[in-house]
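If you want the building blocks of each chain, they are given just below.
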Amino acid sequence: AAASRVFAFRDVRWAPDPVLEPSAAVRTPQPVPLVIDNGSFQTRAGWASPDPAVPAEPLLRFRSLAARSRGARGGAGAETQVGNDLGSPEPLRWLLRSPFDRNVPVQLELQELLLDHVFQRLGVPSQGCVDHPIVLTEAVCNPLYSRQMMSELLFECYQVPKVSYGVDSLYSFYHNRKQNWPCSGLVISSGYQCTHILPVLEGRLDAKNCKRINLGGCQAAVYLQRLLQLKYPGHFAAITLSRMEEILHEHSYIAEDYIEELQKWRSPEYYESNMHKMQLPFSNKLLGSTLTSEEKQERRQQQLRRLQELNARRREEKLQLDQERLDRLLYVQELLEDGHMDQFHKALVELNMDSAEELQSYINKLSLSVEQTKQKILQAEVNIEVDVVDSKPETPDLDPLGSEQSLEDVESINEFEPLFAEEQPEVEKPVAAVQPVFNLAEYHQLFLGTERIRAPEIVFQPSLIGEDQAGIAETMQYVLERYPKEQQAILVQNVFLTGGNTMYPGLKARVQKELLEMRPFQSSFQVHLASSPVLDAWYGARDWAVEYMTREEGWITRKDYEEKGGEYLKEHCASNVYVPIRLPKQAPRTTEASAPSRALPSSTGNPCEQV
């Protein structure tokens, strides 16, 4: 039973996304919409078409990350990798960049890289223009500046014909809505960076009463990493964020009653039966040598051979350089013997020499050096086979004067032998392997006890990590109290959980318990969990795009963008509420207004005109 609870980290490497060839159904009879779920953790993209030949699922799923390498020293330029092309985020952790600040895209240069990656891998040419309508998700109550920059990127850079913006959690809400579900409800969306409480009344988002908690899966992973690094300081570097995310996804759960669950973990039996062991990778190689004497001697001979080959190459290089310099000096000496004095003196100046005697001295030294090097090379070729001297000490002759000893001397020596016995060097025996003094595998294991519930608990108790915020239960109660009792009863009949951070086992039971505590006696409520909390936002956006493909409702055309600005939003059932910017109109400055006032204005009239 104990061995069955040892789990190994998978450390899955991301496979690069292939370049897909779009089918003819996405372009005929007209280009179908392209649905992009632009999440802060993961980007998902695919086609929205009623044709069964087009897959009704996201074709691309990759992390919303980009990294730019610094370039090789040989002159190669910097290379930018996006999403699954990174392979693994840990080696590039300090180079990773995201276009998101919390859940709002603010770095439009990086957002352009993500969109380029989507268009390239889906086979959409993006050089001239992208002739497909775009359905894009955005954050709840997205700032107008962020939407303006996104619209400018889509219309100006990619020349898209029209675009529609919607909230991911609302798309998931409408995708999971069944026939008997009410159009009103309370949506709890918990993602990678934030958690939102969204009231929906009569099918529309009540943006004035939406609340956000700045906690999500990212903060839970960082908190779990700190807990385990303090618990296992010897494995500080091995406790990475990617492995912490794997623990959160596969080994963590939400306690229905946190205090009561901690009391259970104090029991040794409960701890042993519910504790999970995470096996870190390790090597079986020990620091001590496990080689036999024959293997050591063979390795020593190999080292000597490599040393001999290295010395031989150095001697040959030195001989070649000395021979070239000697030939140069002999050529200069021949100029002196042939009587070419001008060329001889010019060559001496180039050699930095003063006289013919100095030249002759250098020639003699180089000739001697060349001969010695040749002799060493010949000697090394003869003595290729080097005998390794055995270091085993020979037994010395202990009786140089004679071998005759009396019986009394032998007996006296035998009496003192136990007192002055010396350790005799034992013959070195081959050892198969050195047994470790401890279990290496167990040393490289992380024991997960209360950490399984402490990390996900921060969305209910942000004070665990020092955040001065309210948890899900308090925020949900605060939102409900802003409505009359009749509307409260309507909202709690459809409490909907969505988002990647709501996939913990026990979350639905925890929300039901919190609602039971805050609702009046004998009142009813219902809690629903999304069928696929991660992908339902994309599925809902696809359903909306297929239904509204030929309508004008919810679509922002290029004409709307040019006339009303980039922050303009056409509302629909899953969108934000559009709040236009209202700037006060400034009165035009005239020459009379700039001149000193000659008379006081009357008490009646327009204040702007008076100014």
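Only a predicted model underlies this, so the values are computations on that prediction, with no experimental measurement involved. (Residues numbered from 1 in each chain as written. Predicted model: local features only at pLDDT ≥ 70, side-chain atom pairs only at ≥ 80, totals over all residues. Heavy atoms only, no water.)

1. Description of the UniProt feature "coiled-coil region" (unreviewed entry) in the chain
UniProt annotation of "coiled-coil region" (unreviewed entry) refers to residues 293-327 and 356-383 when read in the numbering used here. Secondary structure across residues 293-327 divides into 100% helix and 0% strand, with the first and last C-alpha atoms of the span separated by 51 Å. (UniProt positions renumbered as here; feature names shortened; annotations may be inferred. Helix = DSSP H or I, 4+ residues; strand = E, 2+ residues; numbered from the N terminus.)

2. Points about the confidence of the model for the chain
Overall, the predicted model of the chain reaches an average pLDDT of 84, with 83% of residues at or above 70. Confidence drops under a pLDDT of 50 for residues 409-434, and excluding neighbours within four residues, the segment shows 10 contacts in the predicted structure. Confidence drops under a pLDDT of 50 for residues 591-611, and excluding neighbours within four residues, the segment shows 6 contacts in the predicted structure. (pLDDT = per-residue confidence, 0-100. Contact = heavy atoms within 4.5 Å.)

3. Thoughts on the packing of aromatic side chains
Counted according to the given criterion, the structure contains 11 aromatic pairs. Consider the rings of phenylalanine 41 and tyrosine 192, whose centres lie 4.8 Å apart with planes at 50 degrees: the pair is tilted. Separated by 151 residues along the polypeptide, phenylalanine 41 in the loop between strand S2 (34-38) and strand S3 (42-47) and tyrosine 192 in the loop between strand S12 (185-190) and strand S13 (195-201) bring together distant segments of the chain. The class of phenylalanine 41 is partly exposed, set by a relative accessible area of 23%. In textbook terms, an aromatic cluster arises when at least three aromatic residues are bridged by ring pairs, as seen for Phe173, Tyr174 and Phe496. Against the face of tryptophan 555 rests lysine 162, its NZ or CZ located 4.7 Å from the ring centre. For lysine 365, the ring lying beneath its charged end belongs to tyrosine 362, and the centroid distance is 6.0 Å. (Phe/Tyr/Trp six-rings, centres within 6.5 Å; stacked < 30°, edge-to-face > 60°. Buried < 20%, exposed > 50% of the residue type's maximum accessible area, 1.4 Å probe, protein only. Lys NZ or Arg CZ within 6 Å of the ring centre and 35° of its normal.)

4. Some remarks on helix H4 (residues 217-231)
Here H4 contains 15 residues, and its C-alpha end-to-end distance of 21 Å stays within 8% of the 21 Å for a straight helix at 1.5 Å per residue. All of the buried residues along H4 are Gly217, Gln219, Ala220, Ala221, Tyr223, Leu224, Gln225, Leu227, Leu228 and Gln229. Lining the buried residues of H4 we find helix H5 (241-251), strand S17 (445-448) and helix H13 (451-454). (Expected span 1.5 Å × (residues − 1).)

5. Here we look at the nonpolar core
Ranked by size, the top nonpolar core spans 43 residues in total, and within it Ile188, Leu228, Ile247, Leu446 and Val511 carry the most contacts. Elements that contribute at least two residues to this core include exactly S12, H4, H5, S17, helix H14 (472-480), strand S18 (495-498) and helix H16 (507-518). Broken down by element, this core gets its largest block of residues, 6 residues, from H4. In contact with isoleucine 188, not counting residues within four places along its chain, are His196, Ile197, Ile472, Met476, Val495, Phe496, Leu497, Thr498, Thr502 and Val511. Residues Val118, Val160, Val163 and Tyr568 belong to the second largest nonpolar core, which totals 35 residues. (Core = buried A, V, L, I, M, F, W, Y, C linked by side-chain atoms within 4.5 Å.)

6. Remarks on the pairing of strand S11 (residues 162-167)
Within S11, 6 of the 6 residues are buried, which leaves it mostly tucked inside the rest of the structure. Sheet topology places strand S10 (residues 134-138) next to S11; 5 bridges connect them, and they run parallel. Bridge pairing in S11 places leucine 136 opposite tyrosine 165. Crossover connection from S10 via helix H2 (residues 144-157) to parallel S11: handedness right-handed. Looking at chain direction, S11 and strand S20 (residues 556-557) are connected through 2 bridges and run antiparallel. Directly across from valine 163, in S20, lies its bridge partner isoleucine 556. (Pairing = 2+ DSSP bridges. Right-handed = clockwise from strand over helix to strand, strands pointing away.)

7. Things to note about the packing of helix H8 (residues 293-338) against helix H9 (residues 341-350)
In the contact formed by H8 and H9, the axes pass within 8 Å of each other and the chain directions differ by 150 degrees. When the interaxial angle is binned, H8 and H9 end up roughly antiparallel. The interaxial crossing formed by H8 with H9 has left-handed handedness. Each of Arg328, Val332, Leu335 and Leu336 in H8 lies in contact with H9, whose residues at this interface are Met341, Gln343, Phe344, Ala347 and Glu350. Along the lines of polarity and charge, the residues of the contact of H8 with H9 split into 6 nonpolar, 1 polar and 2 charged. (Axes fitted to C-alpha atoms, helices over the stretch in contact; angles between N-to-C directions. Parallel < 35°, antiparallel > 145°, perpendicular 65-115°, else oblique. Left-handed = near helix turned anticlockwise from the far one by under 90°. Nonpolar A, V, L, I, M, F, W, Y, C, P; charged D, E, K, R; others polar.)

8. A closer look at the side chain of serine 184
Among the structural elements, serine 184 can be located in the loop between helix H3 (168-175) and S12. The exposure class of serine 184 is buried, given its relative accessible area of 5%. Within polar-contact distance, the side chain of serine 184 engages the backbone nitrogen of glutamate 202 at 2.9 Å. The residues touching serine 184, leaving out its near neighbours within four places in the chain, are Phe173, Val200, Leu201, Glu202, Ile490 and Asn494. (Polar contact = N/O pair within 3.5 Å; in protein donor to acceptor, adjacent residues only side chain to side chain.)

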